[in-house]
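# Fold and geometry: a report
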Amino acid sequence: MELIVTPTYESMSRVAADRIAELVRANPACTLGLATGSTPEGLYADLVADCAAGKLSFAEVTTFNLDEYCGLSPEHDQSYRYFMNHHLFDHVDIDKARTHVPEPFGADLAEAGEAYEAAIDQAGGVDLQLLGLGHNGHIGFNEPCDFFPAKTHGVVLTPMTREANSRLFAGGIDEVPTEALTMGIGTIMAARSVLLVVSGEGKAAILREVLQGPVTPQVPASILQFHPSVTVVADEAAASLLA
Ligand code: F6R
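Residues numbered from 1 in each chain as written. Predicted model: local features only at pLDDT ≥ 70, side-chain atom pairs only at ≥ 80, totals over all residues. Heavy atoms only, no water.

## A look at the sheet that holds strand β8 (residues 179-182)
Read from one edge of the open sheet, three strands run β4-β8-β7, paired in antiparallel fashion. The open sheet has two free edges, formed respectively by β4 (67-69) and β7 (153-156), since each of these has just one partner strand. With direction set aside, neighbouring strand axes in the sheet form an average angle of 25°. In terms of strand pairing, β4 meets β8 through three bridges, oriented antiparallel. The residue bridging Asp67 from the neighbouring strand is Thr182, located in β8. (Pairing = 2+ DSSP bridges. Helix = DSSP H or I, 4+ residues; strand = E, 2+ residues; numbered from the N terminus. Axes fitted to C-alpha atoms, helices over the stretch in contact; angles between N-to-C directions.)

Written out as structure tokens, the structure is:
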């Protein structure tokens, strides 16, 4: 595992954006796994700027997002499809038909999960999976539990995750969906490389557990210790408790 510690959120974003840009330049038809949340907003802005400056093209790139809430339409401003359009897809030269966000809109979440896995397989798998880190160690919406879920599946969100995300909903926690569809830990571990971005002192304790604690499904991201190609980009605040 490679750990890069940067002085600030802005430099964390730039380093992570450069990793993605390098891959896209080397392999213009690559497949990216993408994340939402506050942490990657800066790196998406950097990628948009690179594209506007003519330094980068997403014309042949395929993307698969980690997760999506149940019960929010793609037009809802807190849906992850909306987030991706707003922060990246609407501002770069990507073909939207090649962008995928899980679609938990039908009655059958298991079926939606299987369809998503099949689409990832058909695209030849994910070359680089971008991840943020939840305060409880979640990646995607894989919450702490007694096992590592393998495939894309439906989940009930924990009160901690709903509380953390409620800051983004105008109506507070009551508006935060209770369920989501997420790539599984096995889906994430099948990516050929992983880029984990972590920012702020509020994530310092969990980052230490993830990188230096035991590998356990109670800290889902700890499984990344077993992935052969992981880069962690953390700002100094997030890295402050690492040994
Ligand atoms: C988002 C996702 C989540 C977030 C995590 C951290 O697609 O899968 O696991 O990465 O909740 O969110 P932020 O960056 O807002 O702290």
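## A word on the pairing of strand β2 (residues 31-34)
Because side chains alternate across β2, one face comprises the buried residues Thr31 and Gly33, and the other comprises Leu32 and Leu34, equally buried. Note that β2 and strand β3 (residues 62-65) share four bridges and pair parallel. Within β3, the position partnered with Leu32 by the bridge is Thr63. Following the chain from β2 across helix α2 (residues 41-52) to the adjacent parallel β3, one finds a crossover that is right-handed. (Buried < 20%, exposed > 50% of the residue type's maximum accessible area, 1.4 Å probe, protein only. Right-handed = clockwise from strand over helix to strand, strands pointing away.)

## Comments concerning the sheet that holds β2
Read across the open sheet, the seven strands follow the order β1-β10-β9-β6-β2-β3-β5; overall the sheet is parallel. The open sheet has two edge strands, β1 (2-6) and β5 (99-100), and neither has a second partner.

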